[in-house]
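Fold and geometry: a report
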Amino acid sequence: MKLKLIAAIAIASATPALALASPSCTGEPKSKWMSEEAMKAKIDAMGYKVKTFEVTGNCYEIYGKDKDGDRAEVYFNPVSGAIVQKGD
């Protein structure tokens, strides 16, 4: 009985962590990705002010501010530069 309770608690506590996983942005190899410099220029043109730029899984990800000055966490497709997921 205790083992079942421990297993249930472990599963329940792991579930939120799964929701925080980064999205899948592309299946293309890195050789087809836009350069980081080109992606940063595209993001800047979209009105974002980037504080942190990083590669997360198969995405480009930024933390910063959007054009309205609100906090932004955005995942981009590194091939097309399209937004895949937004958060804060």
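The rules behind each value
Residues numbered from 1 in each chain as written. Predicted model: local features only at pLDDT ≥ 70, side-chain atom pairs only at ≥ 80, totals over all residues. Heavy atoms only, no water. Helix = DSSP H or I, 4+ residues; strand = E, 2+ residues; numbered from the N terminus. Buried < 20%, exposed > 50% of the residue type's maximum accessible area, 1.4 Å probe, protein only. Contact = heavy atoms within 4.5 Å. Areas by Shrake-Rupley, 256 points an atom, 1.4 Å probe, with all protein chains shown as cover. Disulfide = S-S within 2.5 Å. Core = buried A, V, L, I, M, F, W, Y, C linked by side-chain atoms within 4.5 Å.

1. A look at the overall build of the protein
In terms of regular secondary structure, the protein is built from 2 helices and 4 strands. Secondary structure of the protein in N-to-C order comes out as α-α-β-β-β-β. Residue burial in the protein is summarised as follows: out of 88 residues, 27% are buried. Restricting to contacts in the protein with at least 6 residues of sequence separation, those with at least 24 account for 40%. Here the protein displays about 6100 Å² of accessible surface, and carbon together with sulfur accounts for 58% of that area.

2. Looking at the state of the cysteines
Scanning the entire structure with this criterion turns up 1 disulfide. Residue pairing for C25: its cysteine sulfur links by disulfide to C59, the two sulfurs lying 1.9 Å apart. A torsion of 90° about the S-S bond marks the disulfide between C25 and C59 as right-handed. Taken together, the residues C25 in the loop between helix 1 (2-19) and helix 2 (36-45) and C59 in strand 2 (residues 59-65) connect sequence positions 34 residues apart. For the pair C25 and C59, a shared accessibility class is recorded, and that class is buried.

3. Here's the deal with the nonpolar core
For soluble globular proteins, nonpolar side chains are generally found buried alongside one another. Core analysis: the largest hydrophobic core is formed by 11 residues, namely W33, M34, M39, I43, Y48, F53, Y60, I62, A72, V74 and F76. Sorting the residues of this core by element identifies helix 2, strand 2 and strand 3 (71-76) as the ones contributing at least two each. In terms of residue count, strand 3 provides more of this core than any other element does, 3 residues in total. Every residue in contact with M34, bar those within four places of it in the chain, is listed here: M39, K42, Y60, P78, V79, S80 and G81.

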